[in-house]
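Next come the chains, spelled out residue by residue.
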Amino acid sequence: MKTIVIPQFYCGPSGRKGLYNRQEVGLARAFAALGARGVVLYPDPAARAPAVEDPEPNVRIYTLPVRALGSQAFYKSWQVLLDEHADAVHVMGDNSPGVPSLYRFCRRHGIVFYSQLGALKSQSPRKPVRRVMDLLLRRNLAVYKKTPTFAKTPAVAAELRALGVPCAGLMPVGLDTAIIPTLPDRKEKLRGAAGLPPDARILVFVGRLDPYKRPLDLVPLLQAAPGWQAVVIGQGSQGEALRQALEAAGLLDRCRLIPQLANTAVHVYYHACDAFVNLNEQEIFGMSLLEAMYAGCPPVARHAPGPDLIVEDGVSGILCDTVPQMAAALERVDAAMGAAAQKRINEHFLWQNSAELALDLLAGRRNAHG
């Protein structure tokens, strides 16, 4: 039985347990369903000792003490790979500066190293941070040129080729359906339970209220779509600015702001609302986009690498460039588009697809070596 270890290098606010559809655990479950073991490593700068969970057969989750620089994690040791008899590491490290040390460890111990990349350039809003991270990227590129490297989107595949990195193919992000609750009730009943007006047209936004997610664009969007109300789930550096802007525009009575919800509770709103909006024009993938579509909530999204891959424009959602275009698109979404969105995710964006590609890669390497 193959053991694939999936380390997380990010230790910022996104992806914390219970608040997000954690990519690594979903992939580990997919490996387990295909007869392998999935071992996830999560960094925690505040942890004093390792913690281990075994949520189901052949899925193990470690929370490990790390050193942190901003949101980047540096593991103190990779001994856990030997303890778990790892055959391979599935690395979603992008431009994380901790990637080269993992590669060197794997090379010394004969562990297969391969990557699934969603971004290369830094997305930090701070110019000095972007400059440093982009310089450090050169170290990662040297690793990616020597190892199998998959891209999450066609845009990343093109960027890899431009940087001289051979791309092994597309390996999109998937959805972990095991943690998504089953909600058999009709939309009307779910709205009643959530305290939402039964006959209103309601859009939902789920994400960090930070500049890169463009939450302040909700104000002109609601102004341009007077027949719509909004549910905004998230918190971040622009949370108070958004509240003040909504109040100044006289829109607070059309908007419910929810700073934080458990992931299971978020799904009630996906099912209860009429549309999902994604305002980030640099969206690498968009886990909440996948979740909304899986729930049958049709998306209206800005063009970006993730939405451009996931959404079939005019069929399973609508892709736009500007806020006025998004407001107009809201008038076009309907139940048929929601059904097409759900079908799209079930057929193309579950973690099983990624796990199958990875296991095919490992089987090919084994055959190549006899």
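Residues numbered from 1 in each chain as written. Predicted model: local features only at pLDDT ≥ 70, side-chain atom pairs only at ≥ 80, totals over all residues. Heavy atoms only, no water.

### Considering the overall build of the chain
Our working definition: Elements are defined by DSSP. Helices are runs of H or I of four residues or more, strands are runs of E of two residues or more, and each kind is numbered from the N terminus. Between the two quantities, the radius of gyration covers C-alpha atoms and the globule rule is 2.2 Å times the number of residues to the power 0.38. Classification of residues uses two cut-offs on accessible area relative to the type maximum, computed with a 1.4 Å probe and protein chains only: under 20% is buried, over 50% is exposed, and between them is partly exposed. When checking whether two residues touch, look at their non-hydrogen atoms; a contact exists if any pair is within 4.5 Å. Under the convention used here, a 1.4 Å probe and the Shrake-Rupley method define accessible areas, while residue burial counts only the protein chains that appear. Charge convention: Lys and Arg are scored as positive, Asp and Glu as negative, and His as well as the terminal groups of each chain are ignored. By convention, the point assigned to a charge is CZ for Arg, NZ for Lys, CD for Glu and CG for Asp.
Scanning the chain from terminus to terminus reveals 14 helices and 15 strands. For a compact globule of 370 residues, the expected C-alpha radius of gyration is about 21 Å, and the chain comes in at 21 Å, within 12% of that figure. The dimensions of the chain, computed from C-alpha atoms along their principal axes, are 65 × 45 × 40 Å. Buried residues in the chain amount to 52% of all 370 residues. Across the chain, every contact between residues at least 6 apart in sequence was considered, and the portion connecting residues at least 24 apart equals 67%. Accessible surface for the chain amounts to roughly 16,000 Å². Of this, 52% is attributable to carbon and sulfur atoms. Charged side chains of the chain number 41 positive and 33 negative; the gap between the two group centres comes to 9 Å.

### Some words on the packing of helix H6 (residues 187–194) against helix H9 (residues 263–272)
Stated formally: The axes used here are C-alpha line fits, helices contributing only the stretch in contact, and every angle between their N-to-C directions lies in the interval 0 to 180 degrees. Orientation categories follow fixed angle ranges, with anything under 35 degrees roughly parallel, anything over 145 roughly antiparallel, 65 to 115 roughly perpendicular, and all other angles oblique. In this scheme the handedness of a crossing depends on how the near helix is turned from the far one: anticlockwise by less than a right angle means left-handed, clockwise means right-handed. Residue polarity is assigned by list, with Asp, Glu, Lys and Arg as charged and Ala, Val, Leu, Ile, Met, Phe, Trp, Tyr, Cys and Pro as nonpolar; anything else, Gly included, falls into the polar class.
With their axes 9 Å apart at the nearest point, H6 and H9 run at an angle of 130° to one another. When the axes of H6 and H9 are compared, the pair comes out oblique. Both H6 and H9 take part in a crossing whose hand is left-handed. Each of Lys187, Leu190, Arg191 and Ala194 in H6 lies in contact with H9, whose residues at this interface are Val268, Tyr269, His271 and Ala272. Of the residues in the contact of H6 with H9, the class split is five nonpolar, one polar and two charged.

### Examining the layout of surface pockets
Rules: Buried and open spaces are told apart on a 1 Å grid over the protein atoms alone, a cavity being a set of points where a 1.4 Å probe fits but cannot get out and a pocket being an open set with protein on both sides within 12 Å along at least five of seven lines. Residues with an atom within 4 Å of a point are the lining residues. Grid points are joined across faces, edges and corners, and a volume is the space filled by probe spheres set on the points.
A volume near 360 Å³ is recorded for the second largest pocket. What lines the second largest pocket is a set of 18 residues, among which Lys187, His271, Cys273, Gly296 and Ala335 lie closest to the centre. Looking at the lining of the second largest pocket, the elements with two or more residues in it are H6, H9 and helix H13 (335–348). In terms of residue count, the dominant contributor to the lining of the second largest pocket is H13 (three residues). Looking at the lining of the second largest pocket residue by residue, the classes come out as eight nonpolar, four polar and six charged.

### Some thoughts on H6
Stated formally: By arc we mean the arc of the directions from the helix axis to the C-beta atoms, nothing more.
Those residues of H6 not exposed but buried are Leu190, Arg191 and Ala194. Seen from one end, H6 has its buried residues packed into an arc of 100°, which puts them on one side. Residues of H6 that are exposed and point more than 90 degrees away from the buried face comprise Lys189, Gly192 and Ala193. Structurally, H6 contributes buried residues whose contacts are with strand S10 (201–206), strand S12 (255–258) and H9. One or two residues past the end of H6 sits Gly195, with phi positive at roughly 75°.

### Quick word on the pattern of salt bridges
Here is the rule: Take a side-chain nitrogen of Lys or Arg and a carboxyl oxygen of Asp or Glu: if they are within 4 Å of each other, that pair is a salt bridge.
Within this structure, the stated rule accounts for 19 salt bridges. Arg186 is the partner of Glu188 in a salt bridge, and the nearest nitrogen-oxygen pair spans 3.6 Å. Look at Arg186 and you get exposed, because its relative accessible area is 62%. Across the pair Asp274 and Lys187 runs a salt bridge whose closest N-O atoms are separated by 3.1 Å. With a gap of 87 residues between them, Asp274 in the loop between H9 and strand S13 (275–278) and Lys187 in helix H6 connect regions that are remote in the sequence. The exposure class assigned to Lys187 is partly exposed, which follows from its relative accessible area of 32%. Counted as one network, the salt bridges with shared partners bring together Arg37, Asp54, Arg60 and Glu84.

### Let's talk about the pairing of strand S2 (residues 37–44)
Defined as follows: Only strands joined by at least two bridges in the DSSP assignment are considered to pair.
Among the eight residues of S2, seven are classified as buried, and the element is accordingly described as predominantly covered. Sheet analysis places S2 next to strand S4 (residues 59–69), joined by seven bridges and oriented parallel. Across the sheet, residue Val40 finds its bridge partner in S4, namely Ile61.

### Comments concerning the sheet that holds strand S14 (residues 299–302)
The strands making up a sheet associate through backbone hydrogen bonding, with each pair oriented either parallel or antiparallel. Ordered by their spatial adjacency, six strands build an open sheet running S12-S11-S10-S13-S14-S15, and the pairing between neighbours is parallel. Each edge of the sheet is formed by a strand with only one pairing partner; in this case those strands are S12 and strand S15 (318–320). This sheet shows a mean twist of 20° between the axes of neighbouring strands, independent of strand direction. Of the strands in this sheet, S10, S13 and S14 touch helix H10 (residues 287–294), which is tilted by about 165° from S13.

### Quick look at the packing of H10 against H13
For the pair H10 and H13, interaxial distance at closest approach is 7 Å and the crossing angle is 120°. Between H10 and H13, the interaxial angle falls into the category oblique. Contact residues: Leu290, Met293 and Tyr294 in H10; Gly338, Ala341, Gln342, Arg344, Ile345 and Asn346 in H13.

### Examining empty space enclosed by the protein
For the structure shown, the criterion picks out one cavity of 30 Å³ or more. Ranked by the residues each element gives to the lining of the largest cavity, the list is headed by S13, at three residues. Here the residues of the lining of the largest cavity sort into five nonpolar, four polar and two charged.

### Quick look at the nonpolar core
Which entries qualify depends on this criterion: As used here, the term nonpolar core means buried Ala, Val, Leu, Ile, Met, Phe, Trp, Tyr and Cys residues forming a set that is joined through side-chain atoms within 4.5 Å.
Within the largest apolar cluster, 60 residues are counted, with the highest numbers of intra-cluster contacts made by Ile4, Phe31, Tyr114, Val204, Val231, Leu290 and Ile310. Apart from residues lying up to four places away in sequence, Leu290 is in contact with Val173, Gly174, Leu175, Phe285, Ile310, Ile345 and Phe349.

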